[in-house]
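Chains, contacts and geometry: an overview
Letter by letter, the chains look like this.
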Amino acid sequence: MKKEELVRKGYNEIGQKYMDYRSIFSNLKELKYILTLLPENGKILDVGCGTGVPIARYFVDKGFSVTGIDISETMIELAEQNVSEAKFYRYDMNDLDFPELSFDCITAIYSLFHAPKEKHFSILENFYRMLKPKGILFFCIGTDSGDYYGDDFLGSEMFWSNYPPEKTLSLVKEADFNILFEEILDRGEELHYWIIAQK
Ligand SMILES: C[S@@+](CC[C@H](N)C(=O)[O-])C[C@H]1O[C@@H](n2cnc3c(N)ncnc32)[C@H](O)[C@@H]1O
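Just so you know, these numbers come straight off a predicted model, no measurement behind them.

1. Observations concerning the overall build of the protein chain
Within the protein chain, the regular secondary structure consists of 7 helices and 9 strands. Radius of gyration (C-alpha) of the protein chain: 15 Å, near the 16 Å computed for a compact globule of 199 residues. Per-residue burial over the protein chain gives 43% buried out of 199 residues. Of the contacts made within the protein chain by residues no fewer than 6 positions apart, 66% connect residues no fewer than 24 positions apart.

2. Here's the deal with unusual backbone geometry
Looking along the chain, the bond that leaves Val53 and enters Pro54 is cis, with omega of 10 degrees. The topology assignment puts Pro54 in the loop between strand S1 (43-47) and helix H4 (55-61). Despite not being glycine, Asn41 has its phi angle at roughly 55 degrees, a positive value. Structurally, Asn41 is set in the loop between helix H3 (28-35) and S1. Positioned with a positive phi, Asp176 is a non-glycine residue whose angle comes to about 90 degrees. With respect to the helices, strands and loops of the structure, Asp176 is situated in the loop between helix H7 (165-174) and strand S8 (178-187).

3. Regarding the site of the ligand
Within the structure, the ligand sits among 21 residues, and Gly48, Gly50, Met93, Ser111 and His114 are positioned closest to it. Within the residue set of the shell around the ligand, elements represented by two or more residues are helix H1 (3-14) and strand S2 (65-70). A per-element tally of the shell around the ligand places H1 first, with 3 residues. When the residues that make up the shell around the ligand are grouped by side-chain class, the tally is 11 nonpolar, 6 polar and 4 charged.

4. Section: the pairing of S1
Most of S1 sits out of view: 5 of its 5 residues are buried. The two faces of S1 match: Lys43, Leu45 and Val47 on one face and Ile44 and Asp46 on the other face are all buried. Sheet topology places S1 next to S2; 5 bridges connect them, and they run parallel. In the sheet register, Leu45 faces S2, and the bridge partner there is Thr67. Summarising the sheet, S1 and strand S4 (residues 103-108) pair through 3 bridges and their orientation is parallel. Residue pairing in the sheet places Asp46 in a bridge with Thr107 of S4.

5. With respect to the nonpolar core
One recurring pattern in soluble globular proteins is that nonpolar side chains are buried together. Grouped together as the largest cluster of nonpolar side chains are 55 residues, with contacts concentrated most on Ala56, Ala79, Ile106, Leu137 and Phe139. Examining the composition of this core, we find that 7 residues originate from one element, strand S5 (residues 131-141), more than from any other. With near-sequence residues (within four places) excluded, Leu137 lies in contact with Ile106, Phe127, Leu131, Phe177 and Ala197.

6. Focus on the sheet that holds S4
Consider a sheet: its strands pair through backbone hydrogen bonds, and that pairing is either parallel or antiparallel. If you walk across this open sheet you meet the 7 strands as S3-S2-S1-S4-S5-S9-S8, and the pairing is mixed. Both outer strands of the open sheet, strand S3 (87-90) and S8, are each paired with one neighbouring strand and no more. Going across the sheet, the axis of each strand differs from the next one's by a mean of 15 degrees, ignoring polarity. Two strands pair when backbone bridges link them, and S8 and strand S9 (residues 190-198) are joined in this way by 9 bridges, in the antiparallel orientation.

About the criteria used
Residues numbered from 1 in each chain as written. Predicted model: local features only at pLDDT ≥ 70, side-chain atom pairs only at ≥ 80, totals over all residues. Helix = DSSP H or I, 4+ residues; strand = E, 2+ residues; numbered from the N terminus. Rg over C-alpha atoms; globule rule 2.2 N^0.38 Å. Buried ≥ 20, exposed ≤ 12 C-beta atoms within 10 Å, placed from the backbone. Contact = placed C-beta atoms within 7 Å. Near = placed C-beta within 6 Å. Nonpolar A, V, L, I, M, F, W, Y, C, P; charged D, E, K, R; others polar. Pairing = 2+ DSSP bridges. Core = buried A, V, L, I, M, F, W, Y, C linked by C-beta atoms within 7 Å. Axes fitted to C-alpha atoms, helices over the stretch in contact; angles between N-to-C directions.

Dropping the structure here:
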């Protein structure tokens, strides 16, 4: 089975369980910082939006126009229920074809690591294309390097894939972003590598 299909099937099974689990991870500090970098009422693309909470919900409440995409039908349905003010589409992040210069900010929170690492650079390049000048990219990724399969992520099969942080950082720079912030952070008692970058 294609890895993206395994991930889609997993999240379709997990649905609400993921939403309960997600509530232990707060990203408020980073979100508040991002706000200071964005124009009022700007346009956000949330990649791998999950249930829409907390990321899409946060930006909608702050007056932004939010588009969310996710590979899982179940996650899209939950996001539509949770954040009815945003637009959600079932797309694979590998195939996004929004016009260039569409968004002020692209977020990919706990999602890029579900795509095989060999595809991360082309995904980052595509994010760059879709961002407006000075647009902000905000994402996180795992801290270990390699491909991992789990057969019990909240009861479902799952796949993750990461380069080591220094390689991810070099890919972001190679895609022509300027780095504003990069650090391994502990959120919800899990370590991830966080990057905020600007076009
Ligand atoms: C760990 S959840 C994170 C959800 C949300 N960003 C959050 O912060 O709660 C990962 C999400 O990425 C989505 N996803 C995984 N691979 C994807 C892909 N190739 N394209 C689009 N979405 C994907 C999953 O369906 C899932 O909803």
